[in-house]
Amino acid sequence: MSRWWRAVATTAGGQRSAEATNRRSYFTIQAIPREVTGSRVSSRDRAQGRIPAIVFSQKYVQSKPNDPTSIIASSSVSRKFLLTTERKQIKSILNSVDLPFFYSTTFPLQIRAGSGSSTLLESGKVHKDEETGKILNLVFVWAEDGTKLKVDVPVVFQGEQECPGLKKGGYLNKIRPTLKFLCPAEHIPQKIEVDVSQLDVEDKVSLNDIDVHPTWKLLSKNEIIPVCKVKATTVDS
């Protein structure tokens, strides 16, 4: 069974085509294990051009039986690895994917026995959250196919050039630039597309107007919240 990974970055100071998939698969993140932690060890790794990282299992559970949006991280962690990754490679990957799609993109990940080693300890996919600024640490969350992960998915607005309301001088208020879903690891969407080509002034698109994959669970209690709205331009007197 293939494995997928989800990642979150700590920083100082955020429909996949075949071509895009092939481009991303070229980047395989190479990581090596580390046995100790601490600020001095992390500072030494950074000075050597590496980024401290951690990989652990993560499961989400529904904390309230009658509330499908009450999704929290389970406290049970069955696997955990301490790693380091090469800063140059991570920066190269960051440069290959435009924000805000970086944090909903997957990459292969290989954990090797040591620097330059050909011994492979683990292999899988990495799903990375948005990051900006200087990278200090990386946190990867490991999940088997079918395990559900909480993901912030970017919203892409299409049809602005044809939008009647914008042609009349209105502007598109992009209220929700991302949407949070609980998704199976093998069905993480890179983006959600919202068509605004038919919207007039004061028209809006709400959460419940968006068709998504049946396995995705929208983590919002109010599905009538607008994602975007065409508003009239205010003219100062």
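Scroll up to find the structure this text is about.
This one's a predicted model, so the numbers in the text were calculated from it and none came from an experiment.

Re the pattern of salt bridges
Under the criterion given, the structure shown has 5 salt bridges. Ionic pairing is found between Asp200 and Lys168, a salt bridge with its closest N-O pair at 2.9 Å. Placement of Asp200 in the loop between strand E13 (192–195) and strand E14 (204–206) and of Lys168 in the loop between helix H4 (164–167) and strand E11 (171–174) is noted, with a sequence separation of 32 residues between them. Given a relative accessible area of 60%, Lys168 falls into the exposed group. The partner of Glu202 in a salt bridge is Lys229, and the shortest N-O contact between them spans 3.3 Å. You can see Glu202 sitting in the loop between E13 and E14 and its partner Lys229 sitting in strand E16 (residues 226–231), a full 27 residues away along the chain.

Overview of helix H2 (residues 39–47)
Within the sequence span of H2, burial applies to Val41, Ser42 and Asp45. An end-on view of H2 places all buried positions within 100 degrees of arc, on one side of the element. Exposed and facing more than 90 degrees away from the buried side of H2 are Ser39, Arg40 and Ala47. Next to the buried residues of H2 lie strand E3 (50–57) and strand E6 (80–86).

Topic: the environment of Val55
Checked against the element boundaries, Val55 lands in strand E3. Sequence separation between Val55 and Leu82 is 27 residues, and the spatial gap between their C-alpha atoms is 6.5 Å.

Some points on the nonpolar core
Counting residues in hydrophobic clusters, the biggest one holds 24 residues, and the most contacted among them are Phe157, Leu179, Phe181, Ile192, Val194 and Cys228. With 5 residues, strand E10 (residues 148–158) is the largest single contributor of residues to this core. Apart from the residues lying within four places of it in its own chain, the contact partners of Ile192 are Val153, Pro154, Val155, Val156, Leu179, Phe181, Ile210, Val212 and Trp216. Core analysis: the second largest hydrophobic core is formed by 17 residues, Phe27, Ile90, Val97 and Ile135 among them.

Looking at the sheet that holds E13
Strand order in the open sheet formed by 4 strands is E13-E10-E12-E15, with mixed pairing between adjacent strands. Edge positions in the sheet fall to E13 and strand E15 (217–218), since each has one partner strand and no second. Bridge analysis of E10 against strand E12 (residues 178–184) gives 7 bridges, and the strand direction is antiparallel. Bridge pairing in E12 places Val151 opposite Phe181.

Quick word on the pairing of E12
Counted residue by residue, E12 has 5 buried out of 7 residues, so it is predominantly covered. Summarising the sheet, E12 and E15 pair through 2 bridges and their orientation is antiparallel. Within the sheet, the bridge partner assigned to Leu182 lies in E15 and is Lys217.

Thoughts on the sheet that holds E16
Pairing within the open sheet is antiparallel, and its 3 strands lie in the order E11-E16-E14. Sheet topology places E11 and E14 at the edges, where each strand pairs with a single neighbour. On average, each strand axis in the sheet is tilted by 15 degrees relative to the strand beside it, whichever way the strands run. Taken together, the 4 bridges between E11 and E16 define a ladder with antiparallel strand orientation. Residue Lys174 lies in a different strand from E16, and its bridge partner there is Cys228.

Thresholds applied
Residues numbered from 1 in each chain as written. Predicted model: local features only at pLDDT ≥ 70, side-chain atom pairs only at ≥ 80, totals over all residues. Heavy atoms only, no water. Salt bridge = Lys/Arg side-chain N within 4 Å of Asp/Glu carboxyl O. Helix = DSSP H or I, 4+ residues; strand = E, 2+ residues; numbered from the N terminus. Buried < 20%, exposed > 50% of the residue type's maximum accessible area, 1.4 Å probe, protein only. Arc of directions from axis to C-beta. Contact = heavy atoms within 4.5 Å. Core = buried A, V, L, I, M, F, W, Y, C linked by side-chain atoms within 4.5 Å. Pairing = 2+ DSSP bridges. Axes fitted to C-alpha atoms, helices over the stretch in contact; angles between N-to-C directions.

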